[in-house]
Number of protein chains: 2
Amino acid sequence: MLWISITKTTHPGQLPPADKLGFGSVFTDHMFLMDYTDKTGWHDARIVPFGPLSLSPAANVFHYAAEVFEGLKAYRRADGGVQLFRPWENMKRLNASAQRMGLPLIPESDALQAVKTLVSIDKSWAPSAPGTSLYIRPFLFSTDPTLSLHGVHKAVFAVILSPSGSYYANGFKPVRIMLEIDDVRAVRGGTGYTKCGGNYAASNRADGRAMAQGFDQVLWLDGVERRYIEEVGAMNVMFKINGTVVTPALTGSILPGITRRSCIEMLRSWGVSVEERLLSVQELVQAAASGTLEEAFGTGTAAVISPIGELNFKGEGYTVNQGVIGPTAQRLYDELTGLQWGARPDPFGWVCPIEG
Amino acid sequence: MLWISITKTTHPGQLPPADKLGFGSVFTDHMFLMDYTDKTGWHDARIVPFGPLSLSPAANVFHYAAEVFEGLKAYRRADGGVQLFRPWENMKRLNASAQRMGLPLIPESDALQAVKTLVSIDKSWAPSAPGTSLYIRPFLFSTDPTLSLHGVHKAVFAVILSPSGSYYANGFKPVRIMLEIDDVRAVRGGTGYTKCGGNYAASNRADGRAMAQGFDQVLWLDGVERRYIEEVGAMNVMFKINGTVVTPALTGSILPGITRRSCIEMLRSWGVSVEERLLSVQELVQAAASGTLEEAFGTGTAAVISPIGELNFKGEGYTVNQGVIGPTAQRLYDELTGLQWGARPDPFGWVCPIEG
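Given the structure is predicted, the values throughout are model-derived calculations rather than measurements.

Remarks on the packing of aromatic side chains
Here a ring pair, both rings aromatic, is described through the centre-centre distance and the interplanar angle of the planes.
For step 1, the next point in the chain: Under the defined criterion, the tally for this structure stands at 37 aromatic pairs over all chains.
For step 2, the next point in the chain: Taken together, a centroid distance of 5.1 Å and an interplanar angle of 70 degrees make the contact between Tyr167(A) and Tyr168(A) edge-to-face.
For step 3, the next point in the chain: When its relative accessible area of 43% is taken as the criterion, Tyr167(A) is described as partly exposed.
For step 4, the next point in the chain: Pairwise contacts between aromatic rings join Phe62(A), Phe139(A), Phe141(A), Phe62(B), Phe139(B) and Phe141(B) into one cluster.
For step 5, the next point in the chain: The ring of Phe215(A) carries Arg176(A) above its face, with NZ or CZ at 4.5 Å from the centroid.

Re the relation of the copies chain B and chain A
For step 1, the next point in the chain: With an RMSD of 0.0 Å, the fit of chain B onto chain A corresponds to turning through 180 degrees and sliding 0.0 Å along the axis. Viewed as a symmetry operation, the transformation between the two copies matches a two-fold axis.
For step 2, the next point in the chain: A share of 100% of the interface residues of chain B reappears at the interface of chain A, consistent with the copies meeting face to face through the same patch.

A word on the interface of chain B and chain A
For step 1, the next point in the chain: Each partner contributes residues to the interface: chain B has 61 residues there, and chain A has 61 residues.
For step 2, the next point in the chain: Between chain B and chain A, a total of about 4,700 Å² is buried, with carbon and sulfur atoms accounting for 61% of that surface.
For step 3, the next point in the chain: For chain B, the biggest contributors to the area lost against chain A are Pro57(B), Phe62(B) and Arg205(B); these three give 14% of the whole.
For step 4, the next point in the chain: Between Asp183(A) and Arg100(B) there is a salt bridge whose closest N-O contact spans 3.4 Å.

So, the pairing of strand β13 (residues 236–241) of chain A
Residues and elements named next belong to chain A.
For step 1, the next point in the chain: Counting buried positions along β13 gives six out of six residues, so the element sits mostly inside the fold.
For step 2, the next point in the chain: Judged by which residues are buried, β13 turns out to be covered on both faces: Asn 236, Met 238 and Lys 240 on one side and Val 237, Phe 239 and Ile 241 on the other are all buried.
For step 3, the next point in the chain: The sheet contact formed by β13 and strand β16 (residues 293–300) spans six bridges and is antiparallel. Bridge pairing in β16 places Phe 239 opposite Ala 296.
For step 4, the next point in the chain: One ladder, built from three bridges, connects β13 with strand β14 (residues 244–248); its direction is antiparallel. Within β14, the residue paired with Phe 239 across the bridge is Val 246.
For step 5, the next point in the chain: The antiparallel pairing of β13 with β14 creates a hairpin that spans two residues between the two strands, and Asn 242 there sits at a positive phi of about 55 degrees.

About the cut-offs
Positions within a chain are numbered from 1, following the residues in the order the chain's sequence is written. Whichever chain is written first is A, and whichever ligand is written first is 1; the rest continue in order. The predicted origin of the model limits local features to residues at a pLDDT of at least 70 and limits the giving and counting of side-chain atom pairs to 80 or more, whereas totals for whole chains, interfaces and linings rest on all residues. With hydrogens and water set aside, each side-chain value is computed from the structure's full complement of heavy atoms. Aromatic rings from Phe, Tyr and Trp, taking only the six-membered ring of Trp, are treated as a pair when their centres fall within 6.5 Å; an angle between ring planes under 30 degrees marks them as stacked, one over 60 as edge-to-face, and anything in between as tilted. Only protein chains enter the calculation, and the probe is 1.4 Å; a residue is then buried if its accessible area is under 20% of its type maximum, exposed if over 50%, and partly exposed in between. Over a ring means this: the NZ of a Lys or the CZ of an Arg is within 6 Å of the ring centre and within 35 degrees of the ring normal. Only residues with pLDDT of at least 70 in both copies contribute their C-alpha atoms to the least-squares superposition of the copies. Whether two residues are in contact is decided by their heavy atoms, any of which lying within 4.5 Å being enough. Summed over both partners, buried area is the accessible surface (1.4 Å probe) that two parts give up on being assembled. Salt bridge, as used here, is a side-chain nitrogen of Lys or Arg placed within 4 Å of a carboxyl oxygen of Asp or Glu. Helix numbering and strand numbering both begin at the N terminus, where a helix is a DSSP run of H or I of at least 4 residues and a strand a DSSP run of E of at least 2. Note on pairing: two strands pair once DSSP finds at least 2 bridges between them.

Nothing here speaks to function; it is geometry throughout.
Next up, the structure:
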């Protein structure tokens with residue numbers, strides 16, 4: 001059990017109206033911080049008023065990016081209660097990311113307690129309009145104030161909360177996706193399976209190029225053969241081909257998404273066949289051209305399910321399911337969000353209520 | 001010409017004795033800062049007292065690692081003057097890195113002026129003992145205070161200075177290198193050719209493992225075939241095989257080192273044959289086993305030349321040149337450091353004196 005000191009703000013803010021929230025730019029009254037040194041281990045767990053972090057300009061995080069994060073949400077139920085969705089999976093993945101980057105691990109129960117305590121204190125910031133949620137961002141980074149490259153001796157674990165608008169405020173509009181053929185996001189043996197900053201920095205340029213050409217996201221290929229589908233934007237991706245849902249296998253360069261895993265488990269519980277395997281862009285193009293590609297969608301915490309209406313491969317466009325959301329994507333979205341917002345019973349044991 | 005406002009410290013510090021400097025942990029009295037917004041561009045160039053940076057906990061740099069840096073040195077000449085070594089190459093590479101990460105570019109002359117002005121103000125911090133220098137760290141990172149992933153709208157360019165001890169304070173001791181076979185540092189199409197934080201974060205774990213086994217650095221293989229030599233630790237690497245210096249070609253996953261380039265140009269000016277090409281670990285092992293591997297050394301700003309005394313491939317050790325520095329490495333070190341510290345004439349035009 002982690003002992004957390006709590007200092008409440010003397011200037012509480014107010015939750016903006018749901019249509020002004022957007023994503024990740026409004027923050028709640030408080031944040032969680034905890035310090036690490038290799039001599040003392042983790043110490044000084046505290047909840048304090050949300051405010052700037054003050055760091056040496058030599059801090060590792062500015063130069064060598066020893067930084068990992070997680071993303072999950074607190075959902076407001078109709079009865080006014082607030083709940084999380086499989087948060088222990090995020091805490092496990094946080095440590096898997098930290099291990100890869102040489103950052104100190106955090107006992108998973110401590111990290112979860114930090115999240116739950118902070119959400120409980122700032123519970124009034126969890127919005128209640130349909131599709132809105134309180135986005136939770138735990139992050140862990142090295143603060144060693146030296147430019148030398150010898151491991152991590154100091155670190156900070158922080159949690160901030162951001163009330164966020166509905167991802168589908170303007171309706172459930174399928175996205176247009178462009179195959180990325182120049183830039184590579186991640187490679188086996190690298191950091192692709194972690195939520196480390198470097199993966200996102202590496203994706204930035206291609207995302208910008210795709211958007212400039214009128215697409216919403218890029219479709220990433222593997223870095224070795226430049227042949228196998230990996231992810232879409234910052235989401236996992238699934239394709240329904242001839243009645244079977246196919247999703248790229250976790251080869252080490254792909255994020256082991258919690259929404260991905262929940263979709264696979266849910267689909268299988270319905271008797272839908274799911275294959276986790278290598279899927280080449282050639283196979284996908286052929287399926288799209290021959291009409292056996294029935295659905296395509298991204299999966300992730302932010303969107304839950306993001307239907308793909310168009311795939312563009314080297315200038316050639318393929319419409320998927322007439323550009324509208326398909327039945328599998330729709331059912332996954334309905335049942336997952338039903339669980340997350342508490343509108344449906346939870347036969348899987350995925351929901352985690354916040355007390356108090 | 002950049003207009004730089006200057007606020008001098010009222011509490012100047014003092015340069016510690018040379019044997020207490022180490023690397024990258026002592027900083028001078030001042031730092032350079034400049035802000036960017038996509039509406040205003042670069043603005044508010046200023047030199048201020050060295051001190052902590054205060055940033056929103058949501059700042060991009062803590063989460064998505066949109067961050068790049070450079071490393072160069074100011075050298076104290078025997079006549080008391082201070083000079084830089086090919087600094088315009090660093091400013092070019094800074095922009096090449098920024099371009100890959102979707103960060104705003106900086107006019108190279110402005111970045112160089114920032115460095116020169118700051119060094120000029122903190123010139124008394126450039127140590128004079130043999131092998132010591134004033135390490136210069138320009139860095140550029142995104143400060144967008146939002147968790148959304150839509151490009152970079154705010155950034156900071158900073159320069160800090162760190163008086164640093166001699167890399168070879170304990171003598172010119174060749175290092176022991178271990179081949180890394182699990183982790184990959186970078187892949188073609190990725191960010192390997194940039195000085196971005198993510199590359200260093202990705203290397204952290206393997207460095208730690210190698211050191212725990214008594215090695216000094218790891219030898220990185222390419223991420224595609226896991227067959228070709230790329231870099232050693234955070235340095236470029238060169239091998240003298242049968243009279244020819246062989247160094248990995250710049251395939252996109254290798255840092256285009258300025259010391260690397262200077263070595264190649266210097267070697268060719270002496271009539272030594274240099275090949276920039278793919279070099280497989282098999283070829284290297286064979287050369288080591290058959291005795292045609294005459295020398296091996298890393299090249300980089302910190303060490304200049306770092307002779308390799310032992311290569312370890314999957315538990316098999318190969319001693320290089322009886323574990324002592326070879327004549328090519330020694331001559332490169334002598335002539336490069338001779339230029340850098342101003343002890344020798346500069347036929348290449350590489351040196352850049354600091355005025356004032």
